[in-house]
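# Per-entry structural report
Residue-level listing of the chains:
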Amino acid sequence: MNSIPWSSFRFPILLISLTAAVWACHPEAPQETGSQAPANGYPWLPDDLGPVPQILRPGELSTAIDKFNFTVSPGGDTVFYCATNQKLGFTAPAYQIWNGTAFDPPQWLPFAEAEIPMADLQMSPDGKHLYYSTFKDYPGKAEGFHFDLWQVQWKNGAWQDPQPVKGELASAGNEFYPLPTNSGRLYFNSDFENISDLYYADFKDGVYGKAIALPANINTEAREADAFVAADESYIVFVRVDAEDGFGNSDLYISFRRSDTSWTDPQNLGPTINSDQIDGSPWLSPNGQYLVFTTGRKGAQIKQEAITDYEAFKGINESSRNGSLNFYACKIDLEYYRKKAQL
């Protein structure tokens, strides 16, 4: 089977080759809708969270298993992401529920399929839809092996049957990382012009319109992907790969919207947030105070610790410290970046 293009996982193109796998679906996660943020904040964030990223809930959310994407129910009690295993050729969407003191064990979402990978899971601001990317066939799909955007609705206490996101935005290229906003606009990245760039499409009369590219200061000759857009579309945090001012394989950048056709020049979030490894899949809390993202960073002395004896190596390899893609969190000062952008 073909390897999945880099932008389906935000990571190098040869990282994951998907093959068949067998697993069971589990009950769906309950959803809370209608609010923009939980009244009591996010109790699953570390109490001492500051500007330096910390691994998020090691042993609960962050484990020895590779994970990417991160999105949260409006009530703040359920998180969603994708888990993957290269050796199994397996990628599936999962969720975990906060029980008041810890996260319950992960469960697969009920619409996942054994041989069809699903990636880039994102929730609508009202919590009523999940969007994702997959190469599953459907009537009217353009020919060839490529990923398209899909959505699934939460209705009557259950997830309904997933449906392809139809309209002019669907192409013979790969569409990834769908992020809906309050206006109904859908942001995503696509390589239908041969390189991964960021686009949006407006929703009208029940379908999405033409894919409109973000301006040239956002879309460069590098690859752009993983766009987290504020619900009011006031700012965007996204990934740029192998950029000249980058610190690792992929870095997080921020830009502020001036108008539909004008955004400030993107700023690298800097070496405190970005690392010399993979950094991607950003999520920001609705109040703009907290950033959660996917990273493959490792401890500075982890290899030296692993070589002390084989049991130490085994313990590290079976933990969230093994270099797997996991979730880190920090506080973020949007005003600092806004002032640098001279807004």
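Residues numbered from 1 in each chain as written. Predicted model: local features only at pLDDT ≥ 70, side-chain atom pairs only at ≥ 80, totals over all residues. Heavy atoms only, no water.

### Focus on the sheet that holds strand 5 (residues 107-108)
Taken in spatial order, the 4 strands of this open sheet run 2-3-4-5, and their pairing is antiparallel. On the outer flanks of this sheet lie strand 2 (66-72) and strand 5, each paired with one strand and no other. In the sheet, strand 4 (residues 90-97) pairs with strand 5 via 2 bridges, with the strands oriented antiparallel. Counterpart to Tyr95 in the pairing with strand 5 is Gln107. (Pairing = 2+ DSSP bridges. Helix = DSSP H or I, 4+ residues; strand = E, 2+ residues; numbered from the N terminus.)

### Points about the sheet that holds strand 23 (residues 290-295)
Spatial ordering of the open sheet is given by 1-24-23-22, a layout of 4 strands whose pairing is antiparallel. Single-partner strands in this sheet number two, and they are strand 1 (54-55) and strand 22 (279-284). Bridging between strand 23 and strand 24 (residues 326-331) involves 6 bridges; their strand directions are antiparallel. Among the inter-strand pairings, Leu291 is bridged to a residue of strand 24, identified as Cys330.

### Considering the pattern of salt bridges
The tally for this structure, following the rule as stated, stands at 14 salt bridges. Measuring nitrogen to oxygen at the nearest pair gives 2.6 Å for the salt bridge that ties Lys136 to Glu113. Of the two residues, Lys136 is situated in the loop between strand 7 (129-134) and strand 8 (148-155) and Glu113 in the loop between strand 5 and strand 6 (119-123); the sequence distance between them amounts to 23 residues. Exposure remark for Lys136: the relative accessible area of 29% places this residue in the partly exposed category. Note on Glu113: relative accessible area 26%, which makes it partly exposed. The salt bridge involving Glu305 is made with Arg321; its shortest N-O contact spans 2.7 Å. Here Glu305 is found in helix 1 (residues 302-306), whereas its partner Arg321 is found in the loop between helix 2 (310-317) and strand 24, with 16 residues between them in sequence. One salt-bridge network, in which partners are shared between bridges, spans Arg185, Asp202, Glu233, Arg257 and Asp260. (Salt bridge = Lys/Arg side-chain N within 4 Å of Asp/Glu carboxyl O. Buried < 20%, exposed > 50% of the residue type's maximum accessible area, 1.4 Å probe, protein only.)

### Some remarks on the pairing of strand 7
Summarising burial for strand 7: 5 of the 6 residues are buried, a large majority. As consecutive antiparallel partners, strand 6 and strand 7 are separated by 5 residues, and within that stretch Gly127 has a phi angle of approximately 75 degrees, a positive value. With 6 bridges connecting them, strand 7 and strand 8 associate as antiparallel partners. Within strand 8, the position partnered with Leu130 by the bridge is Val152.

### Some thoughts on the packing of aromatic side chains
Inspection of the entire model under this criterion finds 27 aromatic pairs. Between Trp154 and Trp159 the ring centres are 5.1 Å apart and the planes differ by 70 degrees, which places this aromatic pair in the edge-to-face class. Take Trp159: its relative accessible area is 9%, and that puts it in the buried class. Taken together, the aromatic side chains of Tyr42, Trp44, Phe70, Tyr81, Trp98, Phe103, Trp283 and Phe327 make up a single cluster linked through ring pairs. Geometry around Tyr200 places Arg185 over its ring, the cationic atom sitting 4.0 Å from the centre. Note that Arg240 overlies the ring of Tyr253, its terminal NZ or CZ placed 5.0 Å from the centroid. (Phe/Tyr/Trp six-rings, centres within 6.5 Å; stacked < 30°, edge-to-face > 60°. Lys NZ or Arg CZ within 6 Å of the ring centre and 35° of its normal.)

### Observations concerning the nonpolar core
One broad trend across soluble globular proteins is that nonpolar side chains are buried collectively. Formed by 55 residues in total, the largest nonpolar core has its most connected members in Trp44, Leu45, Leu56, Phe70, Leu269 and Leu291. Here the element with the most residues in this core is strand 18 (residues 235-241); it accounts for 6 residues. Once residues within four sequence positions are removed from consideration, Phe70 is found in contact with Trp44, Leu56, Leu61, Val79, Phe80, Gln122, Trp283, Val292 and Phe327. Membership of the second largest hydrophobic core comes to 18 residues, among which are Phe80, Leu121, Val152 and Trp154. (Core = buried A, V, L, I, M, F, W, Y, C linked by side-chain atoms within 4.5 Å. Contact = heavy atoms within 4.5 Å.)

### Thoughts on the side chain of Thr78
One can find Thr78 in strand 3 (residues 78-85). Reaching out from Thr78, the side chain makes a polar contact with the side chain of Asp77 at a distance of 3.3 Å. (Polar contact = N/O pair within 3.5 Å; in protein donor to acceptor, adjacent residues only side chain to side chain.)

### A word on unusual backbone geometry
Among all residues save glycine, negative phi is the norm, and among peptide bonds the norm is trans. One non-glycine residue, Asp205, lies in the positive phi region at around 55 degrees. Position of Asp205 among the secondary structure elements: in the loop between strand 14 (203-204) and strand 15 (207-208). Located in the positive-phi region is Ser281, a residue other than glycine, with phi close to 45 degrees. Locating Ser281 in the fold gives a position in strand 22.

### A closer look at the environment of Arg258
Within the fold, Arg258 resides in strand 19 (residues 250-259). Residue class for Arg258 comes out partly exposed when judged on its relative accessible area of 48%. Those residues in contact with Arg258, other than ones at most four positions away along the chain, are Trp263, Thr264, Ala341 and Leu343.

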